[in-house]
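# Breakdown of the fold
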Amino acid sequence: MQSKTGYLTFIRDNAPFLATGALLSFLSSFGQTFFISVFGGEIRADYGLSNGDWGLIYMIGTGASAVVMVFAGGLADRLRVRQLGITVVLLLGLSCILMAVNPWAAALPFIVFLLRFFGQGMTSHVATVAMARWFIAARGRALAVAAMGFMLGEAALPLIMVWIKARIDWHLIWVGCALFCLAMAPVLLWLLRLERTPQSVAASEQSTGLWGRHWTRSEALRTPLFWAMAPAVMSFSGFGTAFWFHQVHFAEIKGWSHLALVSVFPLGTATLLASTIFFGWAVDRLGAVRLLPFYLLPLVFAFILHWYAPSLIWTAIAVILMGMAGGGQATLLNACWAEFFGTRHLGAIKASAAALMVLGSAIGPGLSGFLIDQGIGFEVQMLGYAASFAVAALLLLYPVAVMRRSAAAA
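As a further point, take the overall build of the protein. A count of helices and strands for the protein gives 20 helices and 0 strands. The C-alpha radius of gyration of the protein comes to 20 Å, within 12% of the 22 Å expected for a compact globule of 410 residues. Along the three orthogonal principal directions, the C-alpha set of the protein runs to about 60 × 45 × 40 Å. Residues counted as buried form 61% of the 410 residues belonging to the protein. Sequence separation of at least 24 residues holds for 85% of the intrachain contacts in the protein that already meet a minimum separation of 6. About 15400 Å² of surface is accessible on the protein, with carbon and sulfur atoms providing 71% of the total.

Here it is as structure tokens:
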């Protein structure tokens, strides 16, 4: 793949592989917070839960999925996407069925675990590992194209689901999601009929990391560099998730209808699309690490605006800023793991990063729901979230310095 290949030519020449990444990213929507949170009001009403109760259940289920991700994520180093991807999609469909038919509040943590593990966790993990491993010179663009599936889900599904659930029972929507997953399994099989050889098999196609080495997961976890990245991974997923998770409550305290709030979300997704394309291009030309300290800064201003927001237009601007940062999150971090640690053990290393991301998305809704129940307004919490993003951005200066030392040594 030539790094100077234009986006359209690049997409055309690699369509089956890029479509696989995009489709897996889209299917992960059914386990993402922006989708599940649409049904938060119905779930709380049907099972008699407070904001804190539902946040705690979500935190338990999501936290458990983070733990399992540490061990299961390494499967991406040993199994082909055709095997692992189709399996997790089918199990995600089964999880959707369980959400549709479950009559017990006590079973919700387990169902949330399944949705988060197979949706947000494994489906998106397989997509990003495949892109980072299959493409080297065009890794940034490949990750950007794959992320468009997630963007399509984030832009379209909340608005569509809010409209549909006003007309049919919300349980039936989850049945439809399960059927869609089932229908996409043969599509994935068709796309991967000529699947590229995994780099775990084709060692000649692997790219090395810092100081020309292939890092193992244990080596990566022992370096401060990995943990300097952790606050960026966890804060974005944690506090971004908290915002999406409590969107119904946020609309209520601001005095807006839920439909009015979700109507501005596509603005953020449009910005996310442009941002992802830009970051994909920039990663291939400048390298992912150089851009790290800057991509979180829009989130600082976004969450200050969420706190202030006297009218919907201010939150619309904040959502746009979140989209700007989201493009970096979708491309920079996934490219950085490969640049830092190489691709031989990328599945296992990224699984640990994904576990941190999932853990952050567990803590965010649980913590924010608890604070809401304790009388600390959700809008006030936004100021604390803004401060956390500023700290995380400062810590990202360390990986930049490490990469410069490695380049100087080389």
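Another aspect to go through is the nonpolar core. Grouped together as the largest cluster of nonpolar side chains are 136 residues, with contacts concentrated most on Trp174, Leu292, Leu296, Phe303 and Phe340. The element contributing the most residues to this core is helix H7 (residues 108-134), with 16 residues. The residues contacting leucine 292, other than those within four sequence positions of it, are Met229, Leu332, Leu333, Cys336, Phe340, Leu396 and Pro399.

Here phenylalanine 378 shows up in helix H19 (residues 378-395). If sequence neighbours within four positions are ignored, phenylalanine 378 has contacts with Ala242, Phe243, His246, His249, Phe250, Ile253, Ser368, Ile372 and Tyr385.

This part covers the packing of aromatic side chains. Applying the stated criterion across every chain yields a total of 31 aromatic pairs. Taking the centre distance of 5.4 Å and the plane angle of 80 degrees together, the rings of phenylalanine 34 and phenylalanine 150 count as edge-to-face. Note that phenylalanine 34 is positioned in helix H3 (residues 33-36) and phenylalanine 150 in helix H8 (residues 139-165), a separation of 116 residues in sequence. Residue phenylalanine 150 is classed as partly exposed on the basis of its relative accessible area, which comes to 26%. A centroid spacing of 6.1 Å and a plane angle of 75 degrees characterise the contact between phenylalanine 303 and tyrosine 385, whose relative ring orientation is edge-to-face. Within this pair, whereas phenylalanine 303 is found in helix H16 (residues 297-308), its partner tyrosine 385 is found in helix H19, the two being separated by 82 residues in sequence. By relative accessible area, tyrosine 385 is classed as buried at 5%. The rings of Phe26, Phe30, Phe35, Phe39, Trp170, Trp174 and Phe180 are connected pair by pair, giving a single aromatic cluster.

In contact at an axis separation of 8 Å, helix H2 (residues 15-27) and H7 are set at 155 degrees when each is read in the N-to-C sense. When the axes of H2 and H7 are compared, the pair comes out roughly antiparallel. Crossing geometry of H2 relative to H7 is assigned as left-handed. Packed against H2, whose contacting residues are Phe17, Leu18, Gly21, Leu24, Ser25 and Leu27, the element H7 presents Thr123, Val126, Ala127, Met131 and Trp134 at the interface.

The tally for this structure, following the rule as stated, stands at 1 salt bridge. With a shortest N-O distance of 3.0 Å, lysine 165 and glutamate 42 are connected by a salt bridge. With lysine 165 in helix H8 and glutamate 42 in helix H4 (residues 40-47), the pair connects residues that are 123 residues apart, well separated along the chain. Glutamate 42 gets classed as partly exposed once you look at its relative accessible area, which sits at 23%.

Time to look at a nonpolar patch on the surface. Taken together, the side chains of Ile304, Trp307, Tyr308, Ile313, Trp314, Ile317, Ile376, Val380 and Leu383 present a nonpolar region at the surface, about 770 Å² in accessible area. Among the secondary structure elements, those contributing two or more residues to the nonpolar patch are H16, helix H17 (312-341) and H19. Summarising the element assignment, tryptophan 314 is placed in helix H17.

The next point concerns the confidence of the model for the protein. Looking at the protein, pLDDT values average 84 and 94% of them are 70 or higher. In the model of the protein, helix H1 (residues 7-13) stands out as the element of lowest mean pLDDT, 76, in contrast to H16, which has the highest, 95. The low-confidence segment residues 197-205 (pLDDT under 50) makes 14 contacts with residues lying over four places distant or belonging to another chain.

So, on to H19. Here H19 contains 18 residues, and its C-alpha end-to-end distance of 26 Å stays within 8% of the 26 Å for a straight helix at 1.5 Å per residue. Inspection of H19 places Phe378, Gln381, Met382, Tyr385, Ala386, Phe389, Ala392 and Ala393 among the buried residues, and these make up the whole buried set. One side of H19 holds all its buried residues, which, seen down the axis, span an arc of 155 degrees.

Further remarks concern helix H14 (residues 265-286). Spanning 22 residues, H14 covers 30 Å between terminal C-alpha atoms, matching the ideal 32 Å at 1.5 Å per step. All buried positions along H14 are accounted for by Phe265, Gly268, Thr269, Thr271, Leu272, Ser275, Thr276, Phe279, Gly280, Ala282, Val283 and Asp284. Positioned one or two residues after H14, glycine 287 has a phi angle of 90 degrees, which is positive.

Position of threonine 20 among the secondary structure elements: in helix H2. Setting aside anything within four residues of it in sequence, one finds threonine 20 in contact with Val81, Leu188, Leu191 and Leu192.

This next bit is on the state of the cysteines. Counting across every chain of the model gives 0 disulfides. There is no disulfide at cysteine 177, and the cysteine sulfur nearest it, in cysteine 96, is 5.2 Å away. By relative accessible area, which is 5% here, cysteine 177 ends up buried.

Secondary-structure assignment places alanine 132 in helix H7. Expressed as a C-alpha distance, the spacing of alanine 132 and leucine 157, which sit 25 residues apart in the sequence, is 27 Å. When neighbours within four sequence positions are excluded, alanine 132 is seen to be in contact with Arg139, Leu143, Asn334, Thr343 and Leu346.

Looking at the secondary structure, you find glutamate 154 in helix H8. Buried charge glutamate 154 goes without a salt bridge, the closest partner of opposite sign being arginine 116 at 11 Å. The contact partners of glutamate 154, leaving out residues within four places of it in the chain, are Phe34, Trp244, Thr269 and Leu272.

Here is what the cut-offs are and how they apply
Residues numbered from 1 in each chain as written. Predicted model: local features only at pLDDT ≥ 70, side-chain atom pairs only at ≥ 80, totals over all residues. Heavy atoms only, no water. Helix = DSSP H or I, 4+ residues; strand = E, 2+ residues; numbered from the N terminus. Rg over C-alpha atoms; globule rule 2.2 N^0.38 Å. Buried < 20%, exposed > 50% of the residue type's maximum accessible area, 1.4 Å probe, protein only. Contact = heavy atoms within 4.5 Å. Areas by Shrake-Rupley, 256 points an atom, 1.4 Å probe, with all protein chains shown as cover. Core = buried A, V, L, I, M, F, W, Y, C linked by side-chain atoms within 4.5 Å. Phe/Tyr/Trp six-rings, centres within 6.5 Å; stacked < 30°, edge-to-face > 60°. Axes fitted to C-alpha atoms, helices over the stretch in contact; angles between N-to-C directions. Parallel < 35°, antiparallel > 145°, perpendicular 65-115°, else oblique. Left-handed = near helix turned anticlockwise from the far one by under 90°. Salt bridge = Lys/Arg side-chain N within 4 Å of Asp/Glu carboxyl O. Patch = residues over 30% accessible without salt bridge, like charges linked within 9 Å, V, L, I, M, F, W, Y side chains within 5 Å. pLDDT = per-residue confidence, 0-100. Expected span 1.5 Å × (residues − 1). Arc of directions from axis to C-beta. Disulfide = S-S within 2.5 Å. Lys, Arg positive; Asp, Glu negative; His and termini not counted.

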